Amino acid sequence: MPVERSGHQGGPCGKSRRGGVEAVPGMARREEQAEGDNHLSLAGNERRPALVASLGTLGLWLQQDMADSAQAQKLVYLVTGGCGFLGEHVVRMLLQQEPRLRELRIFDLHLGPWLEELKTGPVQVTAIQGDVTQAHEVAAAMAGAHVVIHMAGLVDVFGRASPETIHAVNVQGTKNVIEACVQTGTQFLVYTSSMEVVGPNIKGHPFYRGNEDTPYEAVHRHPYPCSKALAEQLVLEANGRKVRGGLPLVTCALRPTGIYGEGHQIMRDIYHQGLRLGGRLFRAIPASVEHGRVYVGNVAWMHVLVARELQQRAALMGGQVYFCYDKSPYKSYEDFNMEFLGPCGLRLVGTRPLLPYWLLMLLAALNALLQWLLRPLLLYAPLLNPYTLAMANTTFTVSTNKAQRHFGYEPLFSWEESRTRTIRWMQTMDSSAQ
Ligand SMILES: NC(=O)C1=CN([C@@H]2O[C@H](COP(=O)(O)OP(=O)(O)OC[C@H]3O[C@@H](n4cnc5c(N)ncnc54)[C@H](O)[C@@H]3O)[C@@H](O)[C@H]2O)C=CC1
Ligand SMILES: C[C@@H](CO)CCC[C@@H](C)[C@H]1CC[C@H]2[C@@H]3[C@H](O)CC4=CC(=O)CC[C@]4(C)[C@H]3CC[C@]12C
């Protein structure tokens, strides 16, 4: 099978439930047992009618059932950043959709109170307050984990954090996770990357319905995409490194486009901005500029699937990148948001941008200047700055089926359901604000 590679050019800154225990570190004895179990299971199924009269074989069946349930719940997963917007969806999805889970560790700088409600279920949920920039904290949390989903990160395109802090969390944090895998013997690492590692680039080139192999000049200057690109590169290069116990590390990266859904902070901010403007938003971006969006539930589902299938299809999936996609329509950033904001009573004024682009650019630059001037006194971080304007104003859409081909991904939520869920969430937010 040829190894597929991502098609972007340039340096970073510039329902399947297979048995599959063979790759679990530190479980050699159970591997042998599992192979035996699989064998027994087949033989048992084939002979089922004849067994009705055979007490001896009935005993074998019972043994088999007990062995199966012992095997069923054996894996320890760790999710870094598990209390964030995407993290919470991934955690809940894992608990619903991963029957082989024995323990789920959630590692985050800030633990959410909602974790408490998860602790009464059949899977052991362990909340760990920790910082990915601290190598020893990461290694301690990871000891004995089979799979790590690393999504802790500083998602900042508004100038809230310094470039150094963004680098420390997103790049050094990822290095720490990789080294902890090697030290502790964690063999499977899924990294939440971003479409931003590809583009839009600083030249504003459109990426129109592209896939993982589409040639594109990936050049960034902003600290966030730079850090994500560096971190992704580290993760992919670590594929194949030997972890404690001698087995190879298997890594891959998921690249969501702009995520939306329940808990999305930027959507909340835009909604409140609209309310302050008397229920109106003013079109700033031409409707023809398409922006890739994906529902958070589908991104979470993709993480669950990729983590599961990476254990079965290491040779195919190791070192690969996958865009996260679903059936959400291609629209401009603002028109897409109106799918949810509209039913909540907001109106987008204008069929064309009300201000010329040069004026918007000037306002964005003014915001950047104000941010710099006010920094010693307060944090001024509006939505509009030169970077976010360039992002919103450049077409970036994905059309691919790589995840379907490699690990059978199909979106769990249709567009209609994703839309309904997001609207319902916004309406609850609305009524709780009144
Ligand atoms: N929101 C989006 O549209 C997209 C997000 N992503 C990526 O998905 C991941 C999750 O993003 P979101 O859930 O949107 O962000 P978020 O900010 O809601 O979640 C990030 C989580 O990481 C935690 N965290 C931050 N610094 C940490 C540290 N030093 N140690 C431990 N935990 C730390 C935060 O407390 C937070 O719970 C990020 O890696 C981001 O780059 C990728 C593409 C799009
Ligand atoms: C100019 C404004 C007029 O209404 C609109 C400003 C919108 C911006 C705040 C967003 C436009 C594009 C968004 C980014 C994009 O979805 C890709 C992203 C990927 C990530 O990994 C993190 C988030 C983000 C950078 C996202 C952030 C918000 C926008 C810049």
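All values derive from a computational prediction rather than experimental measurement.

As a structural note, the neighbourhood of ligand 1 is formed by 25 residues, with Leu86, Asp108, Asp131, Tyr224 and Lys228 the closest of them. Asp108 places a side-chain nitrogen or oxygen 2.6 Å from an oxygen atom of ligand 1. In the model, a nitrogen atom of ligand 1 is placed 3.3 Å from a nitrogen or oxygen of the Leu109 main chain. When ligand 1 is considered free in solution it has 820 Å² of accessible area, and contact with the protein chains removes 86% of it. Among the elements of the structure, α4 (85-97), α7 (223-237) and β10 (258-260) are those that each provide at least two residues to the shell around ligand 1.

With respect to topology, seven strands assemble into an open sheet ordered β4-β3-β2-β5-β6-β9-β13, the strand pairing being parallel. Both outer strands of the open sheet, β4 (124-129) and β13 (320-324), are each paired with one neighbouring strand and no more. Looking at each pair of strands side by side, their axes are set apart by 20° on average, direction ignored. Bridge count between strand β5 (residues 147-150) and strand β6 (residues 188-192): four bridges; the pairing is parallel. The residue bridging His150 from the neighbouring strand is Tyr191, located in β6. Taken strand by strand, α4 contacts β2 (75-80), β3 (101-108), β4, β5 and β6, and its axis lies near 170° from that of β3.

What UniProt calls "domain: 3-beta hydroxysteroid dehydrogenase/isomerase" (unreviewed entry) maps, in this numbering, to residues 78-348. Its end C-alpha atoms 42 Å apart, residues 78-348 is made of 36% helix and 20% strand.

As a further point, take the pairing of β3. Here β3 lies mainly inside the structure; seven of its eight residues are buried. One ladder, built from six bridges, connects β2 with β3; its direction is parallel. By the bridge assignment, Val76 is partnered in β3 with Glu103. Traced from β2 through α4 to β3, the parallel crossover comes out right-handed.

All right, on to the site of ligand 2 then. Taken together, 17 residues are adjacent to ligand 2, and Ser194, Glu196, Tyr224, His291 and Glu334 come closest. Taken by itself ligand 2 offers 630 Å² of open surface, and the protein chains cover 87% of this. Taken together, the elements giving at least two residues each to the shell around ligand 2 come down to α11 (333-341) and α13 (386-392). Tallying contributions element by element places α13 first for the shell around ligand 2, with three residues. Residue classes in the shell around ligand 2 are distributed as eleven nonpolar, four polar and two charged.

What follows concerns the pairing of strand β9 (residues 250-256). Where burial is concerned, most of β9 is hidden: seven out of the seven residues are buried. Burial of the side chains of β9 extends over both faces: Val250, Cys252, Leu254 and Pro256 are buried on one face and Thr251, Ala253 and Arg255 on the other. Here five bridges tie β6 to β9, and the two strands are oriented parallel to one another. Bridge assignment links Phe188 to a residue of β9, and that residue is Val250. As paired elements, β9 and β13 share five bridges and run parallel to each other.

Taken as a whole and assessed by the stated rule, the structure comprises 15 aromatic pairs. Where Tyr260 meets Trp415, the ring centres are 6.3 Å apart and the plane angle is 70°; that geometry is what we call edge-to-face. Of the two residues, Tyr260 is situated in strand β10 and Trp415 in helix α15 (residues 415-433); the sequence distance between them amounts to 155 residues. Residue classification places Tyr260 among the buried positions, given a relative accessible area of 0%. Geometry around Phe323 places Arg255 over its ring, the cationic atom sitting 5.6 Å from the centre. When the ring centre of Tyr322 is taken as reference, the NZ or CZ atom of Lys402 above it lies at 5.0 Å.

This brings us to helix α8 (residues 265-276). When the terminal C-alpha atoms of α8 are compared, their 17 Å separation across twelve residues agrees well with the 16 Å that a helix rising 1.5 Å per residue should span. Looking only at α8, the buried set comprises Met267, Ile270, Tyr271 and Gly274. Burial along α8 is one-sided: seen end-on, the buried residues are contained in an arc of 105°. Positive backbone phi, at 75°, marks Gly278, one or two positions downstream of α8.

The full count for this structure, using the stated rule, is 15 salt bridges. The salt bridge partner of Arg92 is Glu88, with a shortest N-O separation of 3.0 Å. Taken together, the residues Arg92 and Glu88, both in helix α4 and four residues apart, mark about one turn of the helix. You can call Arg92 partly exposed: its relative accessible area is 25%. Under the relative-accessibility criterion, Glu88 is labelled partly exposed at 23%. The salt bridge partner of Glu98 is Arg100, with a shortest N-O separation of 3.6 Å. Glu98 gets classed as buried once you look at its relative accessible area, which sits at 3%. Residues joined in a network through salt bridges with shared partners are Glu88, Arg92 and Glu117.

Cut-offs used in this document
Starting afresh in each chain, residues are numbered from 1 along the sequence in its written order. Labels are handed out in written order, letters beginning with A for the chains and numbers beginning with 1 for the ligands. Where local features are concerned, this predicted model is filtered to residues with pLDDT of at least 70; where side-chain atom pairs are given and counted, the filter is 80 or more; whole-chain, interface and lining totals use all residues. Each side-chain value is worked out from all heavy atoms of the structure, with water and hydrogens disregarded. To be near a molecule or strand, a residue needs just one of its heavy atoms within 4 Å of it. Two N or O atoms count as a polar contact when they lie within 3.5 Å, although within protein this holds only if one can serve as hydrogen donor and the other as acceptor, and sequence-adjacent residues are included solely when both atoms are side-chain atoms. Only the protein chains shown count as cover for residues, with accessible areas throughout obtained via the Shrake-Rupley method and a probe of 1.4 Å. Note on conventions: DSSP H or I runs of at least 4 residues are helices, E runs of at least 2 residues are strands, and numbering of each starts at the N terminus. Pairing between strands is defined by DSSP: at least two bridges between the two strands are required. Lines fitted to the C-alpha atoms define the axes, with helices restricted to the stretch that makes contact. Angles between their N-to-C directions range from 0 to 180 degrees. Working rule for contacts: check all heavy atoms of both residues, and any pair within 4.5 Å makes them a contact. UniProt positions are given in the numbering used here, feature names are shortened, and annotations may be inferred rather than shown by experiment. Partly exposed describes any residue whose relative accessible area lies between the buried limit of under 20% and the exposed limit of over 50%, with all areas from a 1.4 Å probe on protein chains only and scaled to the type maximum. Crossover handedness is defined here as right-handed if the route from the first strand over the helix to the second strand goes clockwise, with the strands pointing away from the viewer. As a working rule, the residues Ala, Val, Leu, Ile, Met, Phe, Trp, Tyr, Cys and Pro are called nonpolar, Asp, Glu, Lys and Arg charged, and the rest polar, with Gly in that last group. Only Phe, Tyr and Trp rings take part, Trp by its six-membered ring, and two of them pair if their centres are within 6.5 Å. Stacked means planes under 30 degrees apart, edge-to-face means over 60, and tilted covers everything else. Charge-over-ring placement is defined geometrically: NZ (Lys) or CZ (Arg) within 6 Å of the ring centre, and within 35 degrees of the ring normal. One fewer than the residue count of a helix, multiplied by 1.5 Å, yields its expected span. This arc describes the spread of directions from the helix axis toward the C-beta atoms. The salt bridge criterion pairs a side-chain nitrogen of Lys or Arg with a carboxyl oxygen of Asp or Glu, the two atoms within 4 Å.

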